[in-house]
Amino acid sequence: MSATPILVTGATGKLGRLIVERLVALGQPVRVFTRRPETARALFGETVQIATGDFGDRAALDAAVRGVERLLLLSPISARLVMDQTAVADAAAAGNVARIVKISGSDWTIEPAGNSISGAAHAAVERHLQSLPVETVSLRPNAWMQVSLANTIMHAVTSGQVATANLDAGIGYIDARDIADIAVHQLLADRVRGRTLSLTGPDVVSLRQVASLLTTALKRPIAALEKPPQTVPKDGDFEHRAVAQFSRLIAAGRAATTTDIVPTLLGRPPRTVEAFILEQVATAAAVPEYQP
Ligand SMILES: NC(=O)c1ccc[n+]([C@@H]2O[C@H](COP(=O)([O-])OP(=O)(O)OC[C@H]3O[C@@H](n4cnc5c(N)ncnc54)[C@H](OP(=O)(O)O)[C@@H]3O)[C@@H](O)[C@H]2O)c1
């Protein structure tokens, strides 16, 4: 436990808010960096300090890192990722922040190099972090259940089908709550457990298996349909090109990996896709527009 606030960037986003909630629940002082102070206040009430600013504003970053020893570094996939995260890291190093825990890209987007513009951006930030006089760890989570899988489930509930280009490609999906638990562990631990940690769920699961799990959970048939593969748009924006590259790498089986980092560090198994599907189906059952 640190008496000084932990600074969290990306705190109002999907993963960041889970990390903030956990730190606050542990009684840890937290400062969040955001362009939207009113959103942060609505999410976290008076439980956090708010540092308002944009990653492009060095003076705001210098003010945000004042008195901070540990930092959670997260920003969205975009053409600005390297610039933004490097700016935060440089401000942190100049402000004598002792430790940076970075949310990086999935391991299979980073290595081998040359397959993913998003992975290349995260790799560049990882290299920069390693050049700084700061203790750093980069968490490389596999695909999050709460992102692509949650959409697939909600679509299947209404349409009765799972339609994808990668029906038999396995993915070591991880629950974002497990990523948040590991991030908190590495923020609060006496020392970090390595320079990069590849995080996955317990199993490799294909979308054909997801359709079968949904059939059981919903007690009605969910069809599994193969779609043509997505082409990588040459002129699309950074995020669209990155996502199209993810699909191709997943189709090639690159995301079909599991590691034992979550059980090793947390002393419990990671959450499963099956449990996530049951939760999502229960949530959908309570929402009228998701009734078939
Ligand atoms: N989804 C996956 O399967 C997956 C897998 C591996 C890695 N990742 C990585 O996870 C990260 C995305 O996490 P997420 O989905 O939780 O993000 P998100 O929901 O898109 O949230 C983005 C956050 O970044 C903040 N932000 C954006 N631009 C900013 C700026 N210019 N200045 C200050 N703050 C800014 C936003 O804060 P305000 O709007 O409040 O300012 C918001 O809190 C990416 O780096 C991605 O590569 C995702």
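Residues numbered from 1 in each chain as written. Predicted model: local features only at pLDDT ≥ 70, side-chain atom pairs only at ≥ 80, totals over all residues. Heavy atoms only, no water.

Chemist: I keep staring at the overall build of the protein chain and nothing clicks. Help me out?
Modeler: For the protein chain, the count of helices and strands is 12 helices and 9 strands. Taking 19 Å as the expected radius of gyration for a compact globule of 292 residues, we find that the protein chain reaches 19 Å, a close match to that expectation. When its C-alpha atoms are laid out on the principal axes, the protein chain stretches across 55 × 40 × 35 Å. Within the protein chain, the proportion of its 292 residues that are buried is 50%. Sequence-distant contacts in the protein chain: of pairs separated by 6 or more residues, those separated by 24 or more amount to 79%. Of the accessible surface of the protein chain, which amounts to about 13100 Å², a share of 54% is contributed by carbon and sulfur atoms. Within the protein chain, one finds 29 positive and 27 negative side-chain charges whose respective centroids are separated by 1 Å. (Helix = DSSP H or I, 4+ residues; strand = E, 2+ residues; numbered from the N terminus. Rg over C-alpha atoms; globule rule 2.2 N^0.38 Å. Buried < 20%, exposed > 50% of the residue type's maximum accessible area, 1.4 Å probe, protein only. Contact = heavy atoms within 4.5 Å. Areas by Shrake-Rupley, 256 points an atom, 1.4 Å probe, with all protein chains shown as cover. Lys, Arg positive; Asp, Glu negative; His and termini not counted. Charge placed at Lys NZ, Arg CZ, Asp CG, Glu CD.)

Chemist: Just checking my understanding: could you explain the sheet that holds strand 8 (residues 196–199) for this structure?
Modeler: Strand pairs in the sheet, formed through backbone hydrogen bonds, run parallel or antiparallel to each other. Ordered in space as 3-2-1-4-5-6-8, the 7 strands form an open sheet in which the pairing is parallel. Each end of this open sheet is capped by a strand with a single partner; those strands are strand 3 (49–52) and strand 8. Mean inter-strand twist for the sheet, computed between neighbouring axes without regard to direction, equals 20 degrees. When strand 6 (residues 135–141) meets strand 8, the two strands line up parallel, connected through 4 bridges. Along strand 8, the bridge assignment pairs Ser138 with Thr196. (Pairing = 2+ DSSP bridges. Axes fitted to C-alpha atoms, helices over the stretch in contact; angles between N-to-C directions.)

Chemist: Is there a simple way to think about the site of the ligand in this case?
Modeler: With respect to spatial proximity, 28 residues lie near the ligand, and among them Thr12, Thr34, Arg35, Ser75 and His122 are the closest. Gly13 is positioned such that a nitrogen or oxygen atom in its backbone is 3.0 Å from an oxygen atom of the ligand. Between Arg36 and the ligand, the recorded distance is 2.9 Å, taken from a side-chain N or O atom to an oxygen atom. In isolation the ligand exposes 940 Å². Once the protein is present, 87% of that is buried. Residue assignment for the shell around the ligand shows that the elements contributing at least two residues are helix 1 (14–25) and strand 2 (30–34). (Near = heavy atom within 4 Å. Polar contact = N/O pair within 3.5 Å; in protein donor to acceptor, adjacent residues only side chain to side chain.)

Chemist: Just to check I follow, could you spell out a positive patch on the surface for this structure?
Modeler: Together, Lys14, Arg17, Arg35 and Arg36 line one region of the surface with positive charge. Residue position: Lys14 is located in helix 1. (Patch = residues over 30% accessible without salt bridge, like charges linked within 9 Å, V, L, I, M, F, W, Y side chains within 5 Å. Salt bridge = Lys/Arg side-chain N within 4 Å of Asp/Glu carboxyl O.)

Chemist: I tried to follow the pairing of strand 2 on my own but got confused; where do I start?
Modeler: Burial analysis of strand 2 places 5 of its 5 residues in the buried class, the great majority of the element. On strand 2, burial covers both faces: Val30, Val32 and Thr34 on one face and Arg31 and Phe33 on the other are all buried. Sheet topology note: the strand 1 (residues 6–9)/strand 2 ladder contains 4 bridges and is parallel. Within strand 2, the position partnered with Val8 by the bridge is Val32. With helix 1 bridging strand 1 and its parallel neighbour strand 2, the resulting β-α-β unit is right-handed. The pairing of strand 2 with strand 3 spans 4 bridges and is parallel. Of the residues in strand 3, the one forming a bridge with Thr34 is Thr52. For the crossover that starts at strand 2, traverses helix 2 (residues 37–44) and ends in the parallel strand 3, the hand is right-handed. (Right-handed = clockwise from strand over helix to strand, strands pointing away.)

Chemist: What is the right way to read the packing of helix 9 (residues 207–218) against helix 12 (residues 273–285) from this model?
Modeler: In helix packing, the relevant descriptors are the interaxial angle and the interaxial distance, both defined with respect to the helix axes. Direction vectors running N to C along helix 9 and helix 12 enclose 45 degrees, while the axes themselves pass 10 Å from each other. By the angle between their directions, the pair helix 9 and helix 12 is classed as oblique. Note that helix 9 runs across helix 12; the crossing there is right-handed. Counted together, Val210, Leu213, Leu214, Ala217 and Leu218 of helix 9 and Val273, Glu274, Ile277, Leu278 and Val281 of helix 12 form the full contact between these two elements. When the residues that make up the contact of helix 9 with helix 12 are grouped by side-chain class, the tally is 9 nonpolar, no polar and 1 charged. (Parallel < 35°, antiparallel > 145°, perpendicular 65-115°, else oblique. Left-handed = near helix turned anticlockwise from the far one by under 90°. Nonpolar A, V, L, I, M, F, W, Y, C, P; charged D, E, K, R; others polar.)

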